[in-house]
Amino acid sequence: MKKQTIALHKGTLRDETYGGVNTPIYISSANAYIGREDPVYPRYFNLPNQDAVGHKIASLENAEAGLVFSSGMGAISTSIFAYAGNGDHVVMLDALYGGTHHFATAWFEHFGVQYTFTQTNAQSVMDAVQDNTRVIVIESPTNPLLAVLDIEKIAQFARQKDIITIIDNTFATPVNQTPLDLGIDIVVHSGTKYLGGHSDLCCGMVACSKEKMKKVLDLARVLGPSLDPRCCYLLERSMKTLALRVKEQSRNALKLAQFLEAHKAVSKVHYPGLESFNGHEIAKSQMSDFGAMLSFELSGIDSGKFIAGLKFISPAVSLGGIESTICSPAVTSHAKMTQTERERIGVTDSLLRLSVGAEHIDDLQQDIDNALKNI
Ligand SMILES: *Cc1c(COP(=O)(O)O)cnc(C)c1O
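A. Summary view of the environment of Ile-361. With respect to the helices and strands, the residue Ile-361 is situated in helix α14 (residues 361-373). Taking the C-alpha atoms as reference points, Ile-361 and Thr-173, separated by 188 residues in sequence, lie 21 Å from one another. Once residues lying within four places of it in the same chain are set aside, the contact partners of Ile-361 are Asn-252, Lys-255 and Leu-256.

Here it is in structure tokens:
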């Protein structure tokens, strides 16, 4: 089956009583226990609605098992700690999502977990591995510079050493990239972004083999970041249009990246789909499309004034919604870093990150062009 069909049909729990085509919402937190080994309970991650949406993400990621969480960080922290404990070492990209970065610097030591941050390339990741490395955590493409890593190279290297690989696939989505097919062990998502897709849900996902899921589920059941069945239903509903949305948004992003690259007020565009992009070839080999996130730098133009001049592309910190949003990483996601640190990793004050929506491409181009002209 193709992604559009999987997104629509997999995981749907048919309503046998009334013949409804949608999954009914099962809200009971008290359920029968007699004759059941594993009673249904919201924090056990086994409600019918949690199962349905878990099945959908598993199918999209070509995984045996999928689990839905109440946030992306719930999914990420649980997956890492399911496989790294006291005395273990974790290799992480320094370009990881801010919350994941903070999780390591603020909490790993407290739990006796060692870590090394590495630069965003496969060689640096492999060079950082020690004898006690148990887990490697990566992202590709990264936020906000869209750097692309050779996923298969890292996965194969880790497999030989019995190291668990975890990838945050939020930016690419399973529509554009399925890392388990490249040898990665565990895929995590902030479902708050593209899976939810309408900027109105907070949730997370994990997809992996049944075997790898055992520990993740066991830890999840005691940490407790489970998702309410009503939200599960909304997420399931949103995911039906995931492929449609992401394909259209990715198409827009490529056109917009080309438009920006040719614009004289723009000095740099970061988008894996551009032939000029460092990492374009790797992206082409491991992604079916290049995603809907891009970032760019204006030449000698106040980015604050530019954002203020946009008509419908709204300034917002999150991403992945069906509507276009824009933000300045220097004053949002990377505000806690010093300017020197930011410049070291390439996040300049003039860098803008655009989450490209499904508006018509002509309107998107016009909004940007007008805002630039009016400064
Ligand atoms: C937003 C985000 C997260 C965190 O997800 P929450 O749902 O906010 O907990 C993790 N990784 C990436 C890449 C994100 O964009």
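From this point, the narrative continues.
B. Representation of the sheet that holds strand β10 (residues 314-315) in the model. Taken together, the five strands give an open sheet; going across it, the order is β8-β9-β12-β11-β10, and neighbouring strands pair in mixed fashion. Lying at the two open borders of the sheet, with one neighbouring strand each, are β8 (266-270) and β10. Note that β10 and strand β11 (residues 325-327) share two bridges and pair parallel. Across the sheet, Pro-315 pairs through a bridge with Ile-326, a residue of β11. Packed onto the sheet, helix α10 (residues 242-262) meets β8, β9 (293-298) and β12 (351-355) and runs at close to 10° relative to β9.

C. Spatial organisation of the pattern of salt bridges. Under the definition given, this model contains eleven salt bridges. Ionic pairing is found between Arg-134 and Asp-88, a salt bridge with its closest N-O pair at 3.8 Å. Of this pair, Arg-134 sits in strand β4 (residues 133-139) while Asp-88 sits in the loop between α3 (72-83) and β2 (89-93), placing them 46 residues apart in sequence. By relative accessible area, which is 16% here, Asp-88 ends up buried. The closest approach of N and O atoms between Asp-228 and Arg-230, which form a salt bridge, is 2.8 Å. Judged by relative accessible area, which is 32%, Asp-228 ranks as partly exposed. Look at Arg-230 and you get partly exposed, because its relative accessible area is 46%.

D. Geometry of the side chain of Asp-15. As for its placement among the helices and strands, Asp-15 is situated in the loop between α1 (3-9) and α2 (48-60). No salt bridge is formed by the buried Asp-15; the nearest opposite charge belongs to Arg-14, separated by 9.5 Å. One polar contact links the side chain of Asp-15 to the main-chain amide nitrogen of Thr-17, over a distance of 3.1 Å. Residues in contact with Asp-15, not counting those within four places in the same chain, are Gly-20, Asn-22 and Pro-24.

E. Inspection of the domain arrangement of the protein chain at higher detail. What the domain assignment lists for the protein chain is domain 1 (3-239) and domain 2 (242-373). Spacing between the C-alpha centres of domain 1 and domain 2 amounts to 26 Å. Every contact between the two is made by 35 residues of domain 1 and, on the other side, 38 residues of domain 2. When the buried area of domain 1 at its contact with domain 2 is split by residue, Leu-145, Asn-176 and Tyr-194 rank highest and sum to 26% of it. Counting the contacts that link domain 1 with domain 2 gives one salt bridge. A salt bridge links Asp-94 to Arg-344, with the nearest nitrogen and oxygen atoms 3.9 Å apart. The set of elements that each furnish at least two residues to the side of domain 1 that touches domain 2 consists of α1, α6 (151-160), α7 (173-176) and α9 (229-239). Of all the elements, α7 adds the most residues to the side of domain 1 that touches domain 2, at four residues. Along the lines of polarity and charge, the residues of the side of domain 1 that touches domain 2 split into 18 nonpolar, twelve polar and five charged.

F. Here's a closer look at the packing of α2 against α9. Viewed as axis vectors pointing N to C, α2 and α9 meet at an angle of 30°, and their least axial separation amounts to 8 Å. Accordingly, the angle class assigned to the pair α2 and α9 is roughly parallel. Helix-helix and strand crossings are classified by hand; for α2 and α9 the assignment is left-handed. Facing Asn-49, Gln-50, Ala-52, Val-53, Lys-56, Ile-57 and Leu-60 of α2, the residues of α9 in contact are Pro-229, Cys-232, Tyr-233, Leu-235, Glu-236 and Met-239. Here the contact of α2 with α9 is built from residues that sort into nine nonpolar, two polar and two charged.

G. Molecular detail of the packing of aromatic side chains. One pass over the full model with this rule turns up ten aromatic pairs. Ring centres 5.5 Å apart and planes at 40° place the aromatic pair Phe-81 and Phe-108 in the tilted group. Taken together, the residues span a long stretch of sequence, with Phe-81 in helix α3 and Phe-108 in helix α4 (residues 98-108) at a distance of 27 residues. The buried category is assigned to Phe-108, whose relative accessible area is 0%. Between Phe-81 and Phe-111, the aromatic rings sit 5.0 Å apart at their centres with planes inclined by 65°, giving edge-to-face as the arrangement.

How each quantity is defined
Residues numbered from 1 in each chain as written. Predicted model: local features only at pLDDT ≥ 70, side-chain atom pairs only at ≥ 80, totals over all residues. Heavy atoms only, no water. Helix = DSSP H or I, 4+ residues; strand = E, 2+ residues; numbered from the N terminus. Contact = heavy atoms within 4.5 Å. Pairing = 2+ DSSP bridges. Axes fitted to C-alpha atoms, helices over the stretch in contact; angles between N-to-C directions. Salt bridge = Lys/Arg side-chain N within 4 Å of Asp/Glu carboxyl O. Buried < 20%, exposed > 50% of the residue type's maximum accessible area, 1.4 Å probe, protein only. Lys, Arg positive; Asp, Glu negative; His and termini not counted. Polar contact = N/O pair within 3.5 Å; in protein donor to acceptor, adjacent residues only side chain to side chain. Domains from an automatic or database assignment. Buried area = accessible area lost by both parts, 1.4 Å probe. Nonpolar A, V, L, I, M, F, W, Y, C, P; charged D, E, K, R; others polar. Parallel < 35°, antiparallel > 145°, perpendicular 65-115°, else oblique. Left-handed = near helix turned anticlockwise from the far one by under 90°. Phe/Tyr/Trp six-rings, centres within 6.5 Å; stacked < 30°, edge-to-face > 60°.

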